[in-house]
Amino acid sequence: MKIGVLCSGGDSPGMNACLRAIVRTAVRHGHEVVGFMDGYEGILRENFYIASMGTPRFVMRSVSGISKRGGTILHSSRCPEFATPQGMEKAANILRKLGIDGLIPIGGNGTLTGAHAFREFWKGKIIGCPGTIDNDLCGTDFTIGFKTSVQTAVDAVDKLRDTASSHHRMFIVELMGRHCGYITLYTALAAGCEIACVPEYPLEIPVIAERLRELHEIGKASIIMVVAEGYHDGVVVMQEKLKNAGCPYPIRAVVLGHLLRGGDPCPEDRILATQTGHLAVCGIEAGETDKMAGVIHNMAVLTPLEEAIAGHRVIPDELRQLLDCVSK
């Protein structure tokens, strides 16, 4: 059997570990693995990963030592052409020409939404792996890269806390997660932030300002507030709005942005990536298709793509209540 693999959309720490598991499992089971460069665009351009042997297919040694590396050796992109019926038909014809039997896309909601739609054009087996820092996919407790992203954010916030404390200052820190606040809330809990603004539980400026005044009155000398990107038009705009609303602290705004996607994956992400990559290959071998490999309660499971991409995972209200309790 010949299996194609690609990384699409935003990169996440652990994609390489997932690729390693896919290649090692498939080759050990007697299959051939072809890597497409730059996501779905790599299919349309027939742009293959060239292994150390000079051939457009992976061997065991092709993925040696890549688990610890951030980013993806396959590179990634977003491909508007693939999102069209014409683009999908073209991609399907190319996969048929190449003799590809199964496809494993590694990526987030957009990547897996494209994979789900692609089943109407191509009858090969498709099993996706949840490679995104946002942790917004259903069918898995965590997505590949999420925990590393939180670790990176917490490290940055810890450093900002030193300056905030030294200058009796407030920092508004913008994190990724425009539609899903998991990174923001987990960072707030781990770093001891006073306020977290997430799309699931919106806070208006007057409410935030009142909370800041309360904290100031009880003697809180410095504040760290973490905010999901896009919230109130971004932290720079939010900074001015809070000043106008009577915030008692001098404010500085910091945007961490793409910093959260980089860095070597933490052990938890490497393990999750290995589990899902292995399961994706085994799923294709078993004849499964239109599924996503995930881990729920420490058990590797396959979830229909339609369910995995349905909306966004909702943050449990208990976590918001926990932050509210421990931050006051």
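Here the structure is a predicted model, which is why all the values come from computation and not from measurement.

(A) Geometry of the overall build of the protein. The helix and strand tally for the protein stands at 11 helices and 10 strands. Over its C-alpha trace the protein gives a radius of gyration of 22 Å, about what one expects of a compact globule, namely 20 Å for 328 residues. A total of 328 residues make up the protein; the buried ones form 53% of that total. A sequence separation of at least 24 residues applies to 75% of the contacts in the protein between residues at least 6 apart. About 13,700 Å² of surface is accessible on the protein, with carbon and sulfur atoms providing 53% of the total. Considering the protein, the positive charge centre built from 33 side chains and the negative charge centre built from 36 side chains are found 6 Å apart.

(B) Fine view of the pattern of salt bridges. Applying the stated rule across the entire model yields 17 salt bridges. Linking Arg 119 and Glu 120 is a salt bridge whose minimum nitrogen-to-oxygen distance equals 3.2 Å. Note that Arg 213 is salt-bridged to Glu 210, the shortest N-O span being 3.0 Å. With Arg 213 and Glu 210 both in helix H7 (residues 205-217) and three residues apart, the pair spans about one turn of that helix. When its relative accessible area of 27% is taken as the criterion, Arg 213 is described as partly exposed. Overall, the relative accessible area of 36% leaves Glu 210 in the partly exposed class. When salt bridges with common partners are traced through the structure, they connect Arg 45, Glu 81 and Lys 90 into a single cluster.

(C) Main features of unusual backbone geometry. Phi is positive for Asp 38, close to 60°, though the residue is something other than glycine. Here Asp 38 is to be found in the loop between strand E2 (32-35) and helix H2 (40-45). Even without being glycine, Glu 46 reaches a positive phi, approximately 50°. With respect to the helices, strands and loops of the structure, Glu 46 is situated in the loop between H2 and helix H3 (85-98).

(D) Examining the nonpolar core more closely. Ranked by size, the top nonpolar core spans 32 residues in total, and within it Val 5, Leu 19, Phe 58, Leu 74, Ile 104 and Ile 106 carry the most contacts. Looking at this core, the elements that each hand over two or more residues are strand E1 (2-7), helix H1 (15-28), strand E3 (102-107), strand E4 (125-130), helix H9 (267-285) and strand E9 (291-296). At seven residues, the largest contribution of residues to this core is made by H1. Not counting chain neighbours up to four residues away, the residues in contact with Phe 58 comprise Val 5, Leu 19, Val 23, Val 27, Val 33, Val 34, Gly 35, Tyr 49, Ala 51, Val 63, Ile 73 and Leu 74.

(E) Spatial organisation of the sheet that holds strand E7 (residues 223-228). In space, the four strands of this open sheet follow the order E6-E7-E5-E8, with parallel pairing throughout. Strand pairing shows two members of the sheet lacking a second neighbour, strand E6 (195-197) and strand E8 (251-255), which therefore form its edges. Averaged over all pairs of adjacent strands, the angle between strand axes in this sheet comes to 20°, irrespective of strand direction. Most of the contacts of H7 go to E6, to which it runs at about 170°, and overall it touches strand E5 (170-175), E6 and E7.

(F) Summary view of the sheet that holds E4. One open sheet accounts for six strands, arranged E2-E1-E3-E4-E9-E10; its pairing is mixed. Both edges of this open sheet fall to E2 and strand E10 (299-304), since each of them pairs with a single strand only. The sheet shows a mean angle of 25° between the axes of neighbouring strands, taken without regard to direction. In this structure, E9 lies alongside E10, joined through six bridges in antiparallel fashion. When the sheet's bridge partners are listed, Met 292 is paired in E10 with Thr 303. With respect to the sheet, H1 is in contact with E1, E2, E3 and E4, its orientation differing from that of E3 by roughly 160°. Most of the contacts of helix H4 (residues 109-118) go to E3, to which it runs at about 155°, and overall it touches E3, E4 and E9.

(G) Quick look at the packing of aromatic side chains. If you walk through the whole model with that rule in mind, you get 10 aromatic pairs. A ring pair is formed by Phe 142 and Phe 146, whose centres lie 5.8 Å apart and whose planes are at 10°; its orientation type is stacked. According to the relative accessible area criterion, Phe 142 is partly exposed, its value standing at 24%. On the numbers, 5.1 Å between centres and 80° between planes, the contact of Phe 146 with Tyr 186 is edge-to-face. Taken together, the residues span a long stretch of sequence, with Phe 146 in helix H5 (residues 146-167) and Tyr 186 in helix H6 (residues 182-191) at a distance of 40 residues. Using a relative accessible area of 25% as the deciding quantity, one classes Tyr 186 as partly exposed. An aromatic cluster is built from Tyr 40, Phe 82, Phe 118 and Trp 122, whose rings are joined through pairwise contacts.

The rules behind each value
Residues numbered from 1 in each chain as written. Predicted model: local features only at pLDDT ≥ 70, side-chain atom pairs only at ≥ 80, totals over all residues. Heavy atoms only, no water. Helix = DSSP H or I, 4+ residues; strand = E, 2+ residues; numbered from the N terminus. Rg over C-alpha atoms; globule rule 2.2 N^0.38 Å. Buried < 20%, exposed > 50% of the residue type's maximum accessible area, 1.4 Å probe, protein only. Contact = heavy atoms within 4.5 Å. Areas by Shrake-Rupley, 256 points an atom, 1.4 Å probe, with all protein chains shown as cover. Lys, Arg positive; Asp, Glu negative; His and termini not counted. Charge placed at Lys NZ, Arg CZ, Asp CG, Glu CD. Salt bridge = Lys/Arg side-chain N within 4 Å of Asp/Glu carboxyl O. Core = buried A, V, L, I, M, F, W, Y, C linked by side-chain atoms within 4.5 Å. Pairing = 2+ DSSP bridges. Axes fitted to C-alpha atoms, helices over the stretch in contact; angles between N-to-C directions. Phe/Tyr/Trp six-rings, centres within 6.5 Å; stacked < 30°, edge-to-face > 60°.

Don't take any of this as a statement about function, it's just geometry.
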